[in-house]
Amino acid sequence: MKKRNPLLTTLFWVLISLMTLFPIYWLFVISVKPAVQLFSTPDLIVNNPYWGNYTEVLGNRLLRSYMINSLVISTGNAVLCTVLGFFTCYALSRFQFRGKESIFFWTITNRMAPPAVFLLPLFLLMTQVYRIGDFTLLDTRIGMILVYCTFNLPFAIWTLRPTIDAIPRELDEAAYVDGASPWKVITEIVFPLCRPGLAVTLILTWVFAWNEYLLAATLTNFEARTLTTGLSEYVTTTGTEWGIMATISVFTLIPALIVFGLVQKHIVAGLTFGAVKG
Amino acid sequence: MQSNKLGWILLAPTLVILFFFGVLPFLYVVFVSFHQWNPFAASPEMIFNGAENFRRIVFDEAFLNSLGVTVMFVVFAVLSELVIGYLLAQAFMKEFPGKSIFRTIHTLPLIMAPIIVGSVWKLMTTPSIGIIPHYLDEWFGISMNIGTSAPAAFMTIVIMDIWHWTPLVTLTLIAALVSLPRDPFEQAQIDGANKGQIFWHITLPMITPALVATIFIRLMDALRTVDEVWMLTGGGPGSSTRFLGVHIFKEVFPKTNYGYGSTISVIVLYLTIVVCWLLYVSMLAPRKNRKG
């Protein structure tokens, strides 16, 4: 391998990072401007930030409960999808049965559905069919956790499959020869080896669930309303409150950033794992 | 080999959940697609009209136009994301100072909600308040108006999509590249293969499963994009950015044409499945033959 100029490499990455960061920075700029200043000439740097949007959003009890709902729903959904996705991929990778490639392909077709038209069937099924006595799944956290599986579970299965396929079968077989139970093989041999793939799957499904808007807007009302739907309450017929929207957006970014930061380490650990494996 | 019973037990929860939240709603949509229905009207009755909706779709210019626009969008956006994502993933495989920081920064757009991405880009590109048209005009004398210029609106959406989703491609390709064994690469280098040969004959075949999975995820998400585009352009100007997802949304909500909207959804879903299936078979089948 030829040596690269470290200065040029750094310059390249700084440039990429600036392009990546600018829209996020701009969101912040808008959130610290009073509404009247939005329509004047755009300034790259804010000289005297205005925190009115932040105090308004922080003081809003509804938005705080939306945030808790978002946290519970996306965490529940990400864990459920990653675990079920892992089991599914293990079954698809290690067992021979007819039609398993069809099952694999079929799972993803659930994600292909255009969302706008599926809102109403889901609404009707959840209120009228999937119910036990007075309990319906509509406007509940558990309901949203299950609904998000429609697009997140296929995603988990498709991202995890190559990872599990890449783990040599000989490892499982050796453990079976040593008398390990299938459950032990799955949880103690395959699961730890999949950590990098599982981490990536977990973050991404979490983020997709956290960011979902259309389904949450239709299938929740008050009890399980999420933060992104809180946004739409500021787009009114009299106009959009861009400052407040930008501020809520900043708040939706913060937990995502934290989760992301936490799991980043596992990806790095995964990178070294890959290097020693070969 | 282990018993297949365990395999089915592991599959069962996934199959059950996808059946109740994917298959049943879909069957309902298929049922509605044979009806004329406005559930938001005063008398929300379903009127059976046979294959009328399906007959209509073939000659529906608005539908055909949005199909064309969507295909163009998918080709431009997904291809660019694959190329840029792969190059960045390869770049991240090397060691350099600040690597983990740069990787975190690169992945940031992924954590943003589509609806928020749509609003930010709207704020950046709307004429009179947007920073991009402002500086394009001040520095280069180019006037850009996504409200009136169809190419500008289309390009903005493509760039927005590349900005938002390339990190996903990069991440999955890093995960794939990391899990590759070293030996074939070392062997190839000893044999004097050049970079291009290594890419086509070793890297590409080995990352094909991850690559196909990535193409699928991006392809189908690009096909059903709504939030971002709805927020940014609302499908306009004219119908230049009226992608299929947006078209269905407009048919169902402002026009409350639920029956016809369902028909379009069924057709779109069917086309998506066929395209993806063809891709899947053509890209994965040769690989399997070589193995066997």
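Residues numbered from 1 in each chain as written. Chains lettered and ligands numbered in written order. Predicted model: local features only at pLDDT ≥ 70, side-chain atom pairs only at ≥ 80, totals over all residues. Heavy atoms only, no water.

K.L.:
Mind showing me how you'd approach the overall build of chain B here?
P.N.:
The number of helices and strands found in chain B is 12 helices and 2 strands. Counted from the first residue to the last, chain B has its helices and strands arranged as α-β-β-α-α-α-α-α-α-α-α-α-α-α. Once the C-alpha set of chain B is aligned to its principal axes, its extents read approximately 75 × 70 × 30 Å. With the model as given, the accessible surface of chain B reaches about 12,900 Å², and the carbon-plus-sulfur share is 68%. Placing the 18 positive and 16 negative side-chain charges of chain B at their respective mean positions leaves the two points 8 Å apart. (Helix = DSSP H or I, 4+ residues; strand = E, 2+ residues; numbered from the N terminus. Areas by Shrake-Rupley, 256 points an atom, 1.4 Å probe, with all protein chains shown as cover. Lys, Arg positive; Asp, Glu negative; His and termini not counted. Charge placed at Lys NZ, Arg CZ, Asp CG, Glu CD.)

K.L.:
What should I look at first to understand the interface of chain A and chain B in this one?
P.N.:
Across the contact, 101 residues belong to chain A and 98 residues belong to chain B. Counting the surface lost from both chain A and chain B, the interface buries some 9,000 Å², and carbon and sulfur atoms represent 79% of this. By the criterion of area lost to chain B, the three top residues of chain A are W13, F95 and M112 of chain A, representing 8% of everything that side buries. At the boundary of chain A with chain B, the tally comes to 1 salt bridge. Of the charged contacts, one joins R111 of chain A and D221 of chain B as a salt bridge, the two residues approaching to 2.7 Å between their closest N and O atoms. Scanning the region where chain A abuts chain B turns up 14 residue pairs in polar contact (both at pLDDT 80 or more). (Contact = heavy atoms within 4.5 Å. Buried area = accessible area lost by both parts, 1.4 Å probe. Salt bridge = Lys/Arg side-chain N within 4 Å of Asp/Glu carboxyl O. Polar contact = N/O pair within 3.5 Å; in protein donor to acceptor, adjacent residues only side chain to side chain.)

K.L.:
Where do I start with the pattern of salt bridges in this structure?
P.N.:
Once the charged atoms of two side chains with opposite charge are near each other, the side chains can pair. Summed over the entire model, instances satisfying the criterion amount to 10 salt bridges over all chains. The partner of K99 of chain B in a salt bridge is E95 of chain B, with the nearest N and O atoms 3.4 Å apart. Judged by relative accessible area, E95 of chain B falls into the exposed class, the value being 70%. A salt bridge links D161 of chain B to R218 of chain B, with the nearest nitrogen and oxygen atoms 2.7 Å apart. One end of the pair, D161 of chain B, is in helix α7 (residues 150–178); the other, R218 of chain B, is in helix α9 (residues 195–223), with 57 residues separating them in the sequence. Like R218 of chain B, D161 of chain B is buried. Residues joined by salt bridges that share partners form a network here, namely E101, R161 and D165 of chain A. (Buried < 20%, exposed > 50% of the residue type's maximum accessible area, 1.4 Å probe, protein only.)

K.L.:
Got a minute to help me understand the packing of helix α9 (residues 182–193) of chain A against helix α10 (residues 195–211) of chain A in this structure?
P.N.:
Packed helices, taken two at a time, are described by the angle their axes make and the gap between the axes. Residues and elements named next belong to chain A. It is the contact of α9 with α10, at a shortest axis distance of 5 Å, that shows an interaxial angle of 70 degrees. Comparing their axes, α10 and α9 come out roughly perpendicular. Counting all contacts with α9, which are made through F191, P192 and L193, the residues of α10 involved are R195, P196 and L198. Taken together, the residues that form the contact of α9 with α10 break down as 5 nonpolar, no polar and 1 charged. (Axes fitted to C-alpha atoms, helices over the stretch in contact; angles between N-to-C directions. Parallel < 35°, antiparallel > 145°, perpendicular 65-115°, else oblique. Nonpolar A, V, L, I, M, F, W, Y, C, P; charged D, E, K, R; others polar.)

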